Amino acid sequence: MKQREDAEVGARARDGLARVLAALDGPDAVDAFLDDLCTPAEIEAMADRWSVVPLLAQGLSYRQIHDETGVSVTTVGRIARCLDAGAGGYRAALEHHHEHPAALPTV
């Protein structure tokens, strides 16, 4: 990953990305944007990570999640740490996920 000399430039770029994602109208528009923005491998990695989050919220073990998704146990653990003590993005996304349980457990 490239290192920016000017952190402010990077912060503005990230803010702009977040704003455009939030402004897109629906899953089809987001999917098209991701197709243009990311490589297939990047999209696959993000989709794999997201597929782990609802399973963690359901209380499945790391091994069960690995067996179901193919995502490494190490990556599942990293996602679990973010779900528990990250920036709150996964939990916010789970609130909009149609399959999440009514009460999210603490991981």
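The structure we're discussing is the one just above.
The rules we used
Residues numbered from 1 in each chain as written. Predicted model: local features only at pLDDT ≥ 70, side-chain atom pairs only at ≥ 80, totals over all residues. Heavy atoms only, no water. Helix = DSSP H or I, 4+ residues; strand = E, 2+ residues; numbered from the N terminus. Buried < 20%, exposed > 50% of the residue type's maximum accessible area, 1.4 Å probe, protein only. Contact = heavy atoms within 4.5 Å. Areas by Shrake-Rupley, 256 points an atom, 1.4 Å probe, with all protein chains shown as cover. Salt bridge = Lys/Arg side-chain N within 4 Å of Asp/Glu carboxyl O. 1 Å grid on protein atoms, 1.4 Å probe; cavity = no way out; pocket = protein on both sides within 12 Å on 5 of 7 lines; lining within 4 Å. Points joined across faces, edges and corners; volume = space filled by probe spheres on them. Nonpolar A, V, L, I, M, F, W, Y, C, P; charged D, E, K, R; others polar. Patch = residues over 30% accessible without salt bridge, like charges linked within 9 Å, V, L, I, M, F, W, Y side chains within 5 Å.

Re the overall build of the protein chain
Inference 1: Counting secondary structure elements, the protein chain contains six helices and zero strands.
Inference 2: For the protein chain, the sequential pattern of α-helices and β-strands runs α-α-α-α-α-α.
Inference 3: Within the protein chain, the fraction of its 107 residues that count as buried is 15%.
Inference 4: Once local pairs closer than 6 in sequence are excluded, the contacts in the protein chain between residues at least 24 apart make up 35%.
Inference 5: Summed over its atoms, the accessible surface of the protein chain is roughly 7700 Å², and 54% of this surface lies on carbon and sulfur atoms.

A short note on the pattern of salt bridges
Inference 1: In the structure shown here, the tally under the stated rule is two salt bridges.
Inference 2: Residue Glu-8 pairs with Arg-12 through a salt bridge whose shortest N-O separation is 2.9 Å. Separated by four residues within a single helix, Glu-8 and Arg-12 lie in helix 1 (residues 7-23), roughly one turn from each other.
Inference 3: A relative accessible area of 52% means that Glu-8 is categorised as exposed.

Some points on the layout of surface pockets
Where empty space is left becomes clear once a probe the size of a water molecule has been rolled over the atoms.
Inference 1: The space that makes up the largest pocket amounts to roughly 1500 Å³.
Inference 2: Leu-21, Met-46, Trp-50, Tyr-90 and Ala-93 are the residues nearest the centre of the largest pocket, which is lined by 25 residues in total.
Inference 3: At the level of secondary structure, the elements contributing two or more residues to the lining of the largest pocket comprise helix 1, helix 2 (27-37), helix 3 (40-57), helix 5 (73-85) and helix 6 (89-94).
Inference 4: Split into classes, the residues belonging to the lining of the largest pocket amount to 17 nonpolar, five polar and three charged.

Details of the side chain of His-97
Inference 1: Here His-97 is to be found in the segment after helix 6.
Inference 2: Residue class for His-97 comes out buried when judged on its relative accessible area of 14%.
Inference 3: Contact partners of His-97, with chain neighbours within four places excluded, come to Trp-50 and Pro-54.

Re a nonpolar patch on the surface
Inference 1: A contiguous nonpolar surface patch, about 280 Å² in accessible area, is contributed by Leu-17, Val-20, Leu-21 and Leu-37.
Inference 2: Sort the elements by how many residues they give to the nonpolar patch and helix 1 lands first, with three residues.
Inference 3: Within the secondary structure layout, Leu-17 lies in helix 1.
Inference 4: For Leu-17, a relative accessible area of 34% corresponds to the partly exposed category.

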